[in-house]
Amino acid sequence: MSTPKQSLFEQLAVIARALGSAARLELLDYLAQGERSVDALARLSGLSVANTSKHLQQLKAAGLVQARRDGQHVRYGLADDQVLDAVAALRGLAKTRHRAVGELLDSYLRTRDDLEPLPAVDLLERARAGLVTVIDVRPAEEYAQGHVPGALNVPLEALEDHLAALPPERDIVAYCRGPWCVLSFEAVARLRQAGFNAQRLENGLPEWRQAGWPVVKGEG
């Protein structure tokens, strides 16, 4: 018979097992941007609808996501921002203790931009002073569910079409889904090639929201 302490560790292991899947961690990354249907998550992740649903059920059973009915569809979202804390802790542990993660970061991200990203507090001050143009390079659906005040939605695939509308005399700060999201790295690289002074935000919209900074909803 298990002791109370052993039972608690077993329940902790339920959460650990739910997080122990690359596919489920990727789904959590998408859900950190806002609610999604199973079909939408399947398209984003490249998984089948059946597989996506199975992963979501395991995350729900562990208390990491919640579901609500919206007409004929079921939409999933994070249970709360504590889930972001758990993923951030896992990311930090992997970055410092798992050599393969450090090597991947060097080859995947740092080769694209070796400059220090802009902290959120600095962005807020510079944006309020009118010193920078902020662009959100996530898809329009994610932007509508929440974005940095004053940020323009310029999805990465449409960036070149918006270059002429960006003020060349102002610095541009780009952000996306989180610290490991390549969208903002690619956006900054393209902006610099086009002659703009561009920089990344240190983290993404989920971390901005979790820190208590203002968030605006709607299409802008």
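Scroll up to find the structure this text is about.
Basis of the calculations
- Residues numbered from 1 in each chain as written.
- Predicted model: local features only at pLDDT ≥ 70, side-chain atom pairs only at ≥ 80, totals over all residues.
- Heavy atoms only, no water.
- Axes fitted to C-alpha atoms, helices over the stretch in contact; angles between N-to-C directions.
- Helix = DSSP H or I, 4+ residues; strand = E, 2+ residues; numbered from the N terminus.
- Parallel < 35°, antiparallel > 145°, perpendicular 65-115°, else oblique.
- Contact = heavy atoms within 4.5 Å.
- Nonpolar A, V, L, I, M, F, W, Y, C, P; charged D, E, K, R; others polar.
- Pairing = 2+ DSSP bridges.

Q: Which residues make up the packing of helix α2 (residues 22-31) against helix α4 (residues 49-61), and what values go with them?
A: Remark: α2 packs on α4, axes separated minimally by 10 Å, with the N-to-C direction vectors making an angle of 80°. By the angle class used here, α2 and α4 are roughly perpendicular. For the pair α2 and α4, the contacting residues are Ala-23, Arg-24, Leu-27, Leu-28 and Leu-31 in the first and Thr-52, His-55, Leu-56, Gln-58 and Leu-59 in the second. Here the contact of α2 with α4 is built from residues that sort into six nonpolar, three polar and one charged.

Q: Describe the sheet that holds strand β3 (residues 73-78), with residues and values.
A: Within the open sheet, the three strands sit side by side as β1-β3-β2. Their pairing is antiparallel. The strands lining the two open edges of the sheet, one partner per strand, are β1 (36-37) and β2 (65-70). Pairing of β1 with β3 involves two bridges; the strand directions are antiparallel. Within the sheet, the bridge partner assigned to Arg-36 lies in β3 and is Tyr-76. Across the sheet, α2 lies against β1, β2 and β3, angled at about 95° from β3, the strand it touches most.

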